[in-house]
Amino acid sequence: MKVVFLVLVFLCSSGSLVHALFERDRATALAQCGDWEAANKMVQPLIVHDDANPELLYDAGVMSYNTGAFGEAQAYFQKVVNNTMSADQLKEQAYFNLGNTAVALNQLEQAIEHYESALKLNPDNEWAKHNLQRVKEMLEQQQQEKQKKEQEQQQQQQQKQEEQKQQEQQSGTQQGQNQNDTQQQNNDTSNEQKQDANQDQQNQSDHLDQRE
């Protein structure tokens, strides 16, 4: 089950200037043909002259989203929901698309909040319900993967510490063995020296006995 990145195009032909209406209609036609880049470029100058128009801001958000400019789309949709002149239906769609842009930006917790806001305005929004459930599953999966990764890192760290401890123990054992070997060699040397001294002394004694 995939997240439905459905952006509901809410292009309205309202406005006071004939030129603006004509340009907006052209942008709408380009968007309907899938030429989102050209449509977006055509809408941008209109926003400069009418930046308080919630419908125009929504259109700009839709076009930015479809051109992959998710940060810009997010800003436009946010302006729509904050605009006191926005109708509830437009706010609902803007919240829904805020959820989609948040998913695209991997902001899953924010996406959940936006879908829930859309459902507060329209509890029957099936797309919002679907995406909300799917994003919750995605977030849970991410958290599980993060937890698994942390556990693996912890296990690797513990294993590394155990290996280091074993190496230190082996090093200490080897050092102790070397010391024992050295001590044994010293003892052997000392015993040999004592034996040589005793032998020399015995030889001297035998020599004296012979002289008598």
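Scroll up for the structure.
Here's a quick rundown of the structure. Just so we're clear, the structure is a prediction, and the values are computed from it rather than from any experiment.

1. So, the packing of helix α3 (residues 54-66) against helix α4 (residues 70-82)
Thought 1: Between α3 and α4, the least distance of the axes is 8 Å, while the angle of their chain directions is 160°. The orientation of α3 relative to α4 falls into the category roughly antiparallel. Note that α3 runs across α4; the crossing there is left-handed. Across from P54, L57, Y58, A60, G61, V62, S64 and Y65 in α3, the residues of α4 making contact are F70, E72, A73, Y76, F77, K79 and V80.
Thought 2: Each residue belonging to the contact of α3 with α4 can be placed in one class, and the counts come to 11 nonpolar, 2 polar and 2 charged.

2. Focus: the pattern of salt bridges
Thought 1: For the coordinates displayed, the defined rule picks out 2 salt bridges.
Thought 2: Close ionic contact of K129 with E126 constitutes a salt bridge, the shortest N to O distance being 3.5 Å. With K129 and E126 both in helix α7 (residues 126-211), this residue pair falls 3 residues apart, about one helical turn.
Thought 3: Between R134 and E137 there is a salt bridge, and its shortest N-O distance comes to 3.6 Å. You can see R134 and its partner E137 sitting in helix α7, 3 residues apart, about one turn around the helix.

About the cut-offs
Residues numbered from 1 in each chain as written. Predicted model: local features only at pLDDT ≥ 70, side-chain atom pairs only at ≥ 80, totals over all residues. Heavy atoms only, no water. Axes fitted to C-alpha atoms, helices over the stretch in contact; angles between N-to-C directions. Helix = DSSP H or I, 4+ residues; strand = E, 2+ residues; numbered from the N terminus. Parallel < 35°, antiparallel > 145°, perpendicular 65-115°, else oblique. Left-handed = near helix turned anticlockwise from the far one by under 90°. Contact = heavy atoms within 4.5 Å. Nonpolar A, V, L, I, M, F, W, Y, C, P; charged D, E, K, R; others polar. Salt bridge = Lys/Arg side-chain N within 4 Å of Asp/Glu carboxyl O.

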